[in-house]
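As a plain string of letters, each chain reads:
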Amino acid sequence: MEVTCLLLLALIPFHCRGQGVYAPAQAQIVHAGQACVVKEDNISERVYTIREGDTLVLQCLVTGHPRPQVRWTKTAGSASDKFQETSVFNETLRIERIARTQGGRYYCKAENGVGVPAIKSIRVDVQYLDEPVLTVHQTVSDVRGNFYQEKTVFLRCTVNSNPPARFIWKRGSDTLSHSQDNGVDIYEPLYTQGETKVLKLKNLRPQDYASYTCQVSVRNVCGIPDKAITFRLTNTTAPPALKLSVNETLVVNPGENVTVQCLLTGGDPLPQLQWSHGPGPLPLGALAQGGTLSIPSVQARDSGYYNCTATNNVGNPAKKTVNLLVRSMKNATFQITPDVIKESENIQLGQDLKLSCHVDAVPQEKVTYQWFKNGKPARMSKRLLVTRNDPELPAVTSSLELIDLHFSDYGTYLCMASFPGAPVSDLSVEVNISSETVPPTISVPKGRAVVTVREGSPAELQCEVRGKPRPPVLWSRVDKEAALLPSGLALEETQDGKLRLERVSRDMSGSYRCQTARYNGFNVRPREAQVQLNVQFPPEVEPESQDVRQALGRPVLLRCALLRGNPQRIASAVWRFKGQLLPPPPVVPAAAEAPDHAELRLDAVTRDSSGSYECSVSNDVGSAACLFQVSAKAYSPEFYFDTPNPTRSHKLSKNYSYVLQWTQREPDAVDPVLSYRLSVRQLNQHNAMVKAIPVRRVEKGQLLEYILADLRVPHSYEIRLTPYTTFGAGDMASRIIHYTEPINSPNLSDNTCHFEDEKICGYTQDLTDNFDWTRQNALTQNPKRSPNTGPPTDISGTPEGYYMFIETSRPRELGDRARLVSPLYNASAKFYCVSFFYHMYGKHIGSLNLLVRSRNKGALDTHAWSLSGNKGNVWQQAHVPINPSGPFQIIFEGVRGSGYLGDIAIDDVTLKKGECPRKQMDPNKVVVMPGSGAPRRSSQQLWGPLAIFLLALQR
């Protein structure tokens, strides 16, 4: 059989067209998935409407040669599921469970390097309707002239939706309107978030105490149902009110168990209570139960604001806040400030001197400070003053001022901070004042001004601080604005003046500033220095990989260029061919002065010199390689995807042919293409048909064509096409071809729909009928289907052939109708003939009707043909003449009979211009189903002449 297929393939002529078929990309967006509707709006843009949570499917249909590449993007983001991360490179854009934030304008960009790219767009409108929120507000005002109070209630209903929602207010089951009830007013307030409608109950009356429902609707767009919320208004309705069991500021010691109660003092309906913490969530281990918040063994990190909120949708939520302060102290620091008035930076006898002490504490204002000199409490005098809250220093800072410094004032001073009566450890800091106490200086050690390291290694930047006392060193970046250190901080403190970096990267290169801190030392102008970090990294080259094609005997120049690296120079370059070291190429003098590339020249491409070349470039830090694949083999063919109606079917033989077209990519780059090797393999099969196709000289843009015959309906095939030159086989190209049937068109001379394609020739199911027609074949039909009804196969008798049928089992009932509607035809002739095969077998067969739907003025259906009852287990053919007066459609209507044994099928529908055949075929002799006992034509009568013809060819 394989030989036969090859011979049949060889009988089909090969065509070579000399026209250039390279064409720029063109694009069109079509929709699929779960779109509610696609429409054109007032400014002629396409709008795709979809329900939130459904699946968005957009397809970009492209034409052009070579086959265009498609990229999807979106306004204010990209087009993938997480559309702020990346674009989508695919002809089909699919987003599962689309969210409202993913609405917007989507762009399909198709480009193939010929002309300008094609760009089409469509606006996606995501429809949704949230649950409405109903809140109640009331006011009481004095009307002095009549000595009574007027009580007004506002019911506010808010919802988020797209499209805008319609509001309906109801009292009980009665719809409210201010035109029917003077006591109510319905309006839309200004400056509200979301869509809002307010129901105003004026001068509250007894009948106004009732249940109120706010119903919101988007008019069932995309099948979104209405939503509603109900509130019962009574004479006790009131907003929530709260009180706390503790003070609003609660100071506790670490380790204590804290319990705070939030008590309801009012509210109807009963309010809901909720605790929250700022910043961050509630502490680990905290328990919020109703209005009680418990925090076991509280720690300093648990300090913060705790909020108790009560809501019942009446008035504004009630809120009480507790500021929880857990006593703690940390970070004791000191400062030495020389005489400010005399602008001195040194300690000098006879001048003033100020020592300052600060700790970070909670609560800060409860900290007390005590000063000691040489281990004894410092005594206050006219020359020794202790002050608190110096305006030039952080809040709650203690300062010891020495007026007119004497030699006797030298000594060791200690500042102690404490929380009186609290179980919190004291903190202290010590300062030595003497003639040796001098302000700091900072410098970079010799040989450390520039630190050079390799990428990925650790680095240490160092600055030396001299002085007494020695303050911490603060590090920052210099050469980049607002740049952060590798630690992620803008400033980093080190006690020893060393900044340690782990695994440095090239972006860490640059200048770093070290400066003295103004605490734990002199409070003077900071001293600073700079260190340069130089990070060396291996070279980066181009091309990383390159495919070099050249005809046999022609020279080739290979060039490997240094893009970046540190050092930015080539220290050495080594060439290899198929892994073997090559002798160094001659050095060009100009290249030796500025070695930023390496070159290798091949005098002639031969079969022996074809292969893989590698250039390894080093800059003494690392190396990188350029890879070149040198050959004289031809580039791959470029399949042509825009062939009009490439599929031609032959239903009775269950075969089809396919017009395969292609061009040759860059045919002049190598030796001329002599032939192509064609391989055809049915999907899910192992054996392939192989054919050699000789060609003459192929030019760029020239369209080549070959007709594949004897392909089996409805199978798909993998096609592989390989060009051959004097060098040998070139690059192979592959594609999958599918069997497709053309959309019915009266302009075709033989327009038959076999239903082998899932698109069923453009036919659609009528939305107004009771059930649908089903497409199936013998392989897909239900094995438990009802016996003694319906066809076992299609008209061809093969198990793969498809047909359309109606299933009349449950839940179908007597008289249920299924309608299959053709595409719309523009009448260009006076008479048409509709031919089709039908199968009506079963004792409960109903009716099969053919209708013509005229589209002149609206839609008008007229009966053209009808048949009822059991016609036997045979396919029979009908020819129905029609004479439409304008655009029309044909409709096949199956009507269910009295029982489940009433399946009706149709196949091979043909629409032709002109009159029908005068002599109708005998339906009982058209096609007899297997097993019916009727005579069948011997297959030998078909294969005899063909066998003789093939034998002659072999001889």
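This one's a predicted model, so the numbers in the text were calculated from it and none came from an experiment.

Description of the pairing of strand S25 (residues 292-295)
Residues Leu-293 and Ile-295 line the buried face of S25, whereas the alternating positions Thr-292 and Ser-294 sit on a face that is not buried. As paired elements, strand S22 (residues 258-268) and S25 share four bridges and run antiparallel to each other. Its bridge partner lying in S25, Thr-259 is registered against Ser-294. Here strand S24 (residues 287-289) runs beside S25; their pairing, made up of three bridges, is antiparallel.

Quick notes on the state of the cysteines
Under the defined criterion, the tally for this structure stands at eight disulfides. Covalent S-S linkage joins Cys-262 and Cys-308, the inter-sulfur distance amounting to 2.0 Å. Measuring handedness by torsion sign, the sulfur bridge of Cys-262 and Cys-308 sits at about -90° and is left-handed. Residue Cys-262 is found in strand S22, and its partner Cys-308 is found in strand S26 (residues 304-311); the two are separated by 46 residues along the sequence. Each disulfide pairs two cysteine sulfurs, and for Cys-753 the partner residue is Cys-761, the sulfurs being separated by 2.1 Å. For the disulfide bridge between Cys-753 and Cys-761, the dihedral angle about the S-S bond is near 90°, and by the sign convention the bridge is right-handed. Each member of the pair, Cys-753 as well as Cys-761, carries the same accessibility label: buried.

Overview of the sheet that holds strand S71 (residues 888-895)
The five strands lie next to each other as S63-S66-S71-S68-S69, forming an open sheet whose pairing is antiparallel. Of all the strands in the sheet, the pair left with one neighbour each is strand S63 (764-765) and strand S69 (860-868). With five bridges connecting them, strand S66 (residues 817-821) and S71 associate as antiparallel partners. Of the residues in S71, the one forming a bridge with Ala-818 is Gly-894.

Examining the packing of aromatic side chains
Considering all chains together, one arrives at 14 aromatic pairs under this definition. A ring pair is formed by Trp-662 and Tyr-676, whose centres lie 5.3 Å apart and whose planes are at 75°; its orientation type is edge-to-face. Here Tyr-676 lies in strand S56 (residues 675-682) and Trp-662 lies in strand S55 (residues 655-664), a separation of 14 residues in the sequence. The pair Trp-662 / Tyr-676 is uniform in exposure class, with both members buried. When the centroid spacing of 5.0 Å and the interplanar angle of 80° are considered together, the rings of Phe-836 and Phe-892 count as edge-to-face. Highlighted residues: Phe-836 in strand S67 (residues 832-840) and Phe-892 in strand S71, separated in sequence by 56 residues. Here the two residues Phe-836 and Phe-892 agree in accessibility, since each one is buried. Each residue in the set Phe-836, Tyr-838, Trp-865 and Phe-892 is aromatic and connected to the rest through ring pairs, giving one cluster. A cation over a ring is seen here: Arg-100 above Tyr-128, with NZ or CZ 3.7 Å from the ring centre. Sitting over the face of the ring of Phe-537, Arg-506 holds its NZ or CZ atom 3.9 Å from the ring centroid.

As for the confidence of the model for the protein chain
Residues at a pLDDT of 70 or more form 87% of the protein chain, whose mean pLDDT is 86. Across residues 142-148, where pLDDT falls below 50, the model places five contacts with residues more than four positions away in sequence or in other chains. For the stretch residues 921-955, pLDDT sits under 50, and the model shows 26 contacts to residues farther than four places along the chain or on other chains.

Describing the nonpolar core
In this structure, Tyr-763, Phe-836 and Phe-892 are the most contacted members of the largest nonpolar core, which totals 32 residues. Those elements that place two or more of their residues in this core are strand S65 (803-806), S66, S67, strand S68 (847-854), strand S70 (874-882), S71 and strand S72 (904-913). Element by element, the count of residues in this core is highest for S67, at five residues. Listed in part, the 30 residues of the second largest apolar core include Val-359, Ala-361, Tyr-369 and Tyr-410.

A short note on unusual backbone geometry
At the junction of Asn-162 and Pro-163, the peptide bond is cis and its omega measures out at 5° in the coordinates. Its location among the elements puts Pro-163 in the loop between strand S13 (161-162) and strand S14 (166-171). The omega torsion across Glu-542 and Pro-543 is 0°, close enough to zero to call that bond cis. Position of Pro-543 relative to the elements: it lies in the loop between strand S45 (528-542) and strand S46 (545-549). In this structure, Val-396 takes a positive phi of about 55° despite not being glycine.

Conventions adopted
Residues numbered from 1 in each chain as written. Predicted model: local features only at pLDDT ≥ 70, side-chain atom pairs only at ≥ 80, totals over all residues. Heavy atoms only, no water. Buried < 20%, exposed > 50% of the residue type's maximum accessible area, 1.4 Å probe, protein only. Helix = DSSP H or I, 4+ residues; strand = E, 2+ residues; numbered from the N terminus. Pairing = 2+ DSSP bridges. Disulfide = S-S within 2.5 Å. Phe/Tyr/Trp six-rings, centres within 6.5 Å; stacked < 30°, edge-to-face > 60°. Lys NZ or Arg CZ within 6 Å of the ring centre and 35° of its normal. pLDDT = per-residue confidence, 0-100. Contact = heavy atoms within 4.5 Å. Core = buried A, V, L, I, M, F, W, Y, C linked by side-chain atoms within 4.5 Å.

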